[in-house]
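# Inside the fold
One-letter residues, chain by chain:
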Amino acid sequence: MRIGAHVRMDSDPIGFGEKLGADVIQMFVVDPQSWDKPAPHPRAEEIKASDIDLVVHSSYQINVASLNNRLRMPSRNAVAQQAEAAAELGAFGLVVHGGHVRSDEEMAEGFVNWRKLFERQADKGGFPVPILIENTAGGNHAMARHFDNIGRLWDAVGDFGAGFCLDTCHAWAGGEELVGIVERIKQITGRIDLVHLNSSRDAFDSGADRHANFADGTIDPQLLAEVCRTAGAPVILETPAEGVADDLAYLREHVG
Ligand SMILES: [Zn+2]
């Protein structure tokens, strides 16, 4: 069982992971609010050589599904660039949110755009690390909020070896029950490559994306431990910094 957390200290990610006692860490390769091009990490050699596994989370504006060329094109470029940077650090994947179309637009076209991302990259030899598509919490035209839509998404991208990242806060706030969720999503995607194990500040099906520590959130911590135990994938905590060590300790105690 590989458990860890999202890094808040980008200058020294391995130091952060060691201090926390993490087996796996997640980090950004650019300011997540920016369209910056990734720069080489000054500690790349140390990161690659470490026993601590790494996954990279892509920046937040990326929306591969968008029907707007001026958002979709830079999104495709950013995914390609950040996948390259992830590979250079020895990461096992790049997490990309499912994205959305606008409420007056057809969801089907968003799924086609996801397929095109992979088709176009396949012409260039594919991505250098697996793209892990993450479920999201809000909106009625999200590609990966409701699991029936994730099924439609997978019909579009499954052939290309897309990976899946299950976020428990997003599933819960998005209105998907956590009991039996691992089996349910695996029936759709065939795989879980990464878990974002977060509690939620908000209620079931609220549509709000606000992560909480296990002790403060609205999700029963035993349900979170159950997902951790059954997913068969590395687990990253993206919970508020002040409680991450306690969340990790809870998992070490209850998952074994
Ligand atoms: Zn997440």
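Residue numbering note: each chain is counted from 1, following its sequence as written. For this predicted model, a pLDDT threshold of at least 70 governs which residues receive local features, and a threshold of 80 or more governs which side-chain atom pairs are given and counted, while totals over whole chains, interfaces and linings are taken from all residues.

## Quick look at the overall build of the protein
This is how it is decided: Numbered from the N terminus, helices here are DSSP runs of H or I no shorter than four residues, and strands are runs of E no shorter than two. Note that the radius of gyration is over C-alpha atoms, with the globule rule given as 2.2 Å times the number of residues to the power 0.38.
Scanning the protein from N- to C-terminus turns up 9 helices and 10 strands. The C-alpha atoms of the protein give 17 Å as radius of gyration, which agrees with the globular expectation for 256 residues (18 Å, within 12%). By principal-axis analysis of the C-alpha atoms, the protein measures approximately 45 × 40 × 30 Å.

## A closer look at the UniProt feature "domain: Xylose isomerase-like TIM barrel" (unreviewed entry) in the protein
Heads up, the rule is: UniProt positions are given in the numbering used here, feature names are shortened, and annotations may be inferred rather than shown by experiment.
Look at the UniProt record and you will see "domain: Xylose isomerase-like TIM barrel" (unreviewed entry) annotated at residues 18–253. Segment residues 18–253 splits into 39% helix and 14% strand. End C-alpha atoms: 19 Å apart.

## Looking at helix 5 (residues 147–157)
Stated formally: As a rule, residues whose C-beta atom has 12 or fewer other C-beta atoms within 10 Å are exposed, those with 20 or more are buried, and those in between are partly exposed; C-beta atoms are placed from the backbone. Directions from the helix axis toward the C-beta atoms define the arc. In this description, any two residues whose backbone-derived C-beta atoms lie within 7 Å of each other are considered to be in contact.
Listing the buried residues of helix 5 in full gives Ile150, Leu153, Trp154, Ala156 and Val157. An end-on view of helix 5 places all buried positions within 155 degrees of arc, on one side of the element. Residues of helix 5 that are exposed and angled more than 90 degrees away from the buried face: Asp148 and Asp155. Residues of helix 5 that are buried in the fold lie against helix 4 (107–123) and helix 7 (181–189).

## What about the packing of helix 8 (residues 221–230) against helix 9 (residues 244–255)?
Quick reminder of the rule: Between N-to-C directions, angles span 0 to 180 degrees; the directions come from axes that are lines fitted to C-alpha atoms, helices contributing only their stretch in contact. With respect to orientation, any angle under 35 degrees is reported as roughly parallel, any angle over 145 as roughly antiparallel, any angle of 65 to 115 as roughly perpendicular, and every other angle as oblique. A crossing counts as left-handed when the near helix is turned anticlockwise from the far one by less than a right angle, and as right-handed when that turn is clockwise. Amino acids outside the nonpolar list (Ala, Val, Leu, Ile, Met, Phe, Trp, Tyr, Cys, Pro) and the charged list (Asp, Glu, Lys, Arg) are all regarded as polar, and Gly is one of them.
At a closest axis distance of 10 Å, the pairing of helix 8 and helix 9 adopts a crossing angle of 70 degrees. Judged by the inter-axis angle, helix 8 sits roughly perpendicular to helix 9. The hand of the helix 8/helix 9 crossing is right-handed. Here Pro221, Ala225, Cys228 and Arg229 of helix 8 come into contact with helix 9, specifically with Tyr250, Leu251, His254 and Val255. In the contact of helix 8 with helix 9, the residues fall into 6 nonpolar, 1 polar and 1 charged.

## Observations concerning helix 1 (residues 13–20)
Pro13, Ile14, Phe16 and Gly17 are the residues of helix 1 that are buried. Around the axis of helix 1, the buried residues are gathered within 160 degrees of arc, so they sit on the same side. Elements in contact with the buried residues of helix 1: strand 1 (3–6), strand 2 (24–27) and helix 2 (44–49).

## Some words on the nonpolar core
Selection criterion: Note on definitions: a nonpolar core is a set of buried residues drawn from Ala, Val, Leu, Ile, Met, Phe, Trp, Tyr and Cys, linked by C-beta atoms within 7 Å.
By size, the foremost hydrophobic cluster in this structure holds 72 residues, and its most contacted members are Leu94 and Val195. Setting aside residues up to four positions removed in sequence, Val195 forms contacts with Leu166, Val227, Cys228, Ala231, Ala233 and Val235.

## Here we look at the pairing of strand 6 (residues 163–167)
Applicable threshold: Strand pairing requires that DSSP identify at least two bridges connecting the strands. Crossover handedness is defined by viewing with both strands directed away from the observer: a clockwise path from the first strand over the helix to the second marks the crossover as right-handed.
Extensive coverage of strand 6 is indicated by the burial of 5 of its 5 residues. The alternating pattern of strand 6 places Gly163, Cys165 and Asp167 and Phe164 and Leu166 on opposite faces, both of which are buried. By the bridge criterion, 3 bridges tie strand 5 (residues 131–134) to strand 6 in an arrangement that is parallel. When the sheet's bridge partners are listed, Glu134 is paired in strand 6 with Cys165. Once the chain exits strand 5 it traverses helix 5 before rejoining the sheet at strand 6, and the crossover so formed is right-handed. Of the pairings in the sheet, the one linking strand 6 to strand 7 (residues 194–196) comprises 3 bridges and is parallel in character. Within strand 7, the residue paired with Asp167 across the bridge is His196.

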